[in-house]
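The primary structure of each chain is shown beneath.
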Amino acid sequence: MRIVVSGRLPDVVRERLEAQHEVILNLHDAPMARADLLDQVANSDGLLCMITDRVDAELLDRAPNLKMVANCGVGYDNIDVADCSRRGILVSNTPGVLTEATAELTWALILAISRNVVSGDAYTRAGRFRFWAPLHFLGTEVSGKTLGIIGMGRIGRAVARRAAGFQMPVCYYSRSPLPEDAAAGFEGEAVSFDALLERADFVTLHLPLTRETQHLIDAAALARMKSNAFLINTARGPVVDETALVGALRSGQIAGAALDVYENEPALAPGLAELDNVVLLPHMGSATWETRTRMTALAAENLLAGLAGRQPPNCLNWPSSRSADT
Ligand code: NAP
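Quantities reported herein were computed from a predicted structural model and do not represent experimental measurements.

1. Description of the site of the ligand
Working step 1: Taken together, 26 residues are adjacent to the ligand, and Arg154, Ile155, Arg175, Ser176 and Asp260 come closest.
Working step 2: One of the side-chain nitrogen or oxygen atoms of Ser174 is found 3.2 Å away from an oxygen atom of the ligand.
Working step 3: The side chain of Arg175 places a nitrogen or oxygen atom 2.7 Å from an oxygen atom of the ligand.
Working step 4: Protein contacts shield 85% of the accessible area of the ligand, which totals 940 Å² for the unbound molecule.
Working step 5: Classifying every residue of the shell around the ligand gives 9 nonpolar, 12 polar and 5 charged.

2. Brief notes about the pairing of strand 3 (residues 46-50)
Working step 1: Among the 5 residues in strand 3, 5 count as buried, and that is most of the element.
Working step 2: Burial along strand 3 is two-sided: Gly46, Leu48 and Met50 facing one way and Leu47 and Cys49 facing the other are all buried.
Working step 3: Bridge count between strand 1 (residues 2-5) and strand 3: 3 bridges; the pairing is parallel. Bridge pairing in strand 3 links Val4 to Leu47.

3. A word on unusual backbone geometry
Working step 1: Along the chain, Glu265 connects to Pro266 via a cis peptide bond; the corresponding omega equals 5 degrees.
Working step 2: As for its position among the elements, Pro266 is in the loop between strand 11 (256-259) and strand 12 (278-280).
Working step 3: Even without glycine at this site, His215 takes up a positive phi of about 55 degrees.
Working step 4: Along the polypeptide, His215 turns up in the loop between strand 9 (202-205) and helix 9 (219-224).
Working step 5: With relative accessibility at 27%, the residue His215 sits in the partly exposed group.
Working step 6: Despite not being glycine, His283 has its phi angle at roughly 45 degrees, a positive value.
Working step 7: We classify His283 as partly exposed; its relative accessible area is 23%.

4. Concerning the nonpolar core
Working step 1: In this structure, Leu17, Leu48, Trp107, Leu147, Ile149 and Met152 are the most contacted members of the largest nonpolar core, which totals 51 residues.
Working step 2: Residue contributions to this core reach at least three from each of two domains, namely domain 1 (2-97 + 289-307) and domain 2 (99-280).
Working step 3: When near neighbours in sequence (up to four residues on either side) are disregarded, Leu17 contacts Ile3, Val5, Leu9, Val23, Leu48, Ala300 and Leu304.
Working step 4: Among the nonpolar cores identified, the runner-up in size contains 33 residues, and Ile150, Val240, Val246 and Val278 belong to it.

5. With respect to the sheet that holds strand 3
Picture the strands of a sheet paired through backbone hydrogen bonds; they go either parallel or antiparallel.
Working step 1: Pairing in this open sheet of 5 strands is parallel, and the strands run 2-1-3-4-5 from one edge to the other. Bordering the open sheet on either side are strand 2 (22-24) and strand 5 (90-92), each of which pairs with just one other strand. Shown here is a sheet whose adjacent strand axes are inclined to one another by a mean of 15 degrees, direction ignored.
Working step 2: When strand 3 meets strand 4 (residues 68-72), the two strands line up parallel, connected through 5 bridges. Considered in strand 4, the bridge of Met50 is made with Cys72.
Working step 3: Running over the sheet, helix 2 (residues 34-41) touches strand 1, strand 2 and strand 3 and is turned about 165 degrees from strand 1.
Working step 4: Across the sheet, helix 11 (residues 289-307) lies against strand 1, strand 3, strand 4 and strand 5, angled at about 170 degrees from strand 4, the strand it touches most.

6. Points about the domain arrangement of the protein chain
For an interface, size is often stated in terms of accessible area lost upon the parts coming together.
Working step 1: If you check the domain split of the protein chain, you get domain 1 (2-97 + 289-307) and domain 2 (99-280).
Working step 2: Domain 1 puts 8 residues into the contact, and the matching count from domain 2 is 5 residues.
Working step 3: For the pairing of domain 1 and domain 2, the buried interface totals around 550 Å² over both sides, and the portion due to carbon and sulfur atoms is 49%.
Working step 4: The interface formed by domain 1 and domain 2 holds 1 salt bridge in total.
Working step 5: Put simply, Asp77 and Arg236 hold a salt bridge, and the shortest N to O gap is 3.0 Å.
Working step 6: At the boundary of domain 1 and domain 2, one finds 2 residue pairs in polar contact (both at pLDDT 80 or more).
Working step 7: For the side of domain 1 that touches domain 2, the residue count by class is 4 nonpolar, 3 polar and 1 charged.

Calculation rules
- Residues numbered from 1 in each chain as written.
- Predicted model: local features only at pLDDT ≥ 70, side-chain atom pairs only at ≥ 80, totals over all residues.
- Heavy atoms only, no water.
- Near = heavy atom within 4 Å.
- Polar contact = N/O pair within 3.5 Å; in protein donor to acceptor, adjacent residues only side chain to side chain.
- Areas by Shrake-Rupley, 256 points an atom, 1.4 Å probe, with all protein chains shown as cover.
- Nonpolar A, V, L, I, M, F, W, Y, C, P; charged D, E, K, R; others polar.
- Buried < 20%, exposed > 50% of the residue type's maximum accessible area, 1.4 Å probe, protein only.
- Helix = DSSP H or I, 4+ residues; strand = E, 2+ residues; numbered from the N terminus.
- Pairing = 2+ DSSP bridges.
- Core = buried A, V, L, I, M, F, W, Y, C linked by side-chain atoms within 4.5 Å.
- Domains from an automatic or database assignment.
- Contact = heavy atoms within 4.5 Å.
- Axes fitted to C-alpha atoms, helices over the stretch in contact; angles between N-to-C directions.
- Buried area = accessible area lost by both parts, 1.4 Å probe.
- Salt bridge = Lys/Arg side-chain N within 4 Å of Asp/Glu carboxyl O.

Shown next as structure tokens:
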């Protein structure tokens, strides 16, 4: 069969796909241009796509032979899964393998924004570090502060487990009660959305982007947060109303924000990059050698299973009428 891979792959994963199928590769460290992607899917059976590719009606209309879309990412808001299902196209994602890497980056952001890590680095590089002074670069201590986690799934829980090292009480808000085995490894109190915003010193987001979560953090939510609190977002940009966030940061309604993702990625809301009380990263939550190797390998495994007529390990729309190995 013919497979299109829209992002660069580690050699070991590429070789695995090439051993079984004709593979059209993107050899550049940049997303495949939309026009090229539309051309390439036209006569392909499988697509291994990145979270930057929109798999929508326009693309699906161009791909009459497509049987499987394997996303390289746990979030799949870039894919119209319902439309794929209607057309009999399987869709998969890569849950679990990026949990620890994304939780680590969340903590990097918590520490970076509260302890002026980025501005301190810039100051030192610029040759401005000439003396120690008792009131220079004063940040906010993390230890003992309250961590508020919104979306207590795999990554939210991995973030919570690390809070014990900073003696931080954890409160969380999530859609469903946690299964008993999921609550192992951390202590946390389930609270309402409003109570979390009012109580937390650090509010960190770990929800998928859906119709319900878009702009969950809007002007009203920001107004509920404490004026000395920080917002951390390693989930998806549109969960936050970025224009409202710029307003809240400018007026001092909240103390700061550390973001890995943006509402109109890769563009930033006007004024965001000019603020001193932000740390801004280029969507690199899962960007470790270990995790990206596991993610691409899992996406390839899903794709190979689906094309072989087997149920992919992380299929999002396996038809209930099909058994697992037909
Ligand atoms: P997950 O295990 O599915 O966790 C998501 C949690 O959010 C679940 O507990 C879910 O509840 C909850 N949730 C969903 N909708 C909600 C709502 N409307 N209100 C309250 N809670 C809601 O997913 P994960 O593996 O932790 O990943 C979370 C997200 O992180 C991904 O979807 C992705 O967008 C993002 N991410 C970003 C990066 C990055 O590079 N920055 C890397 C990895 C992941 P239920 O249990 O009821 O479903």
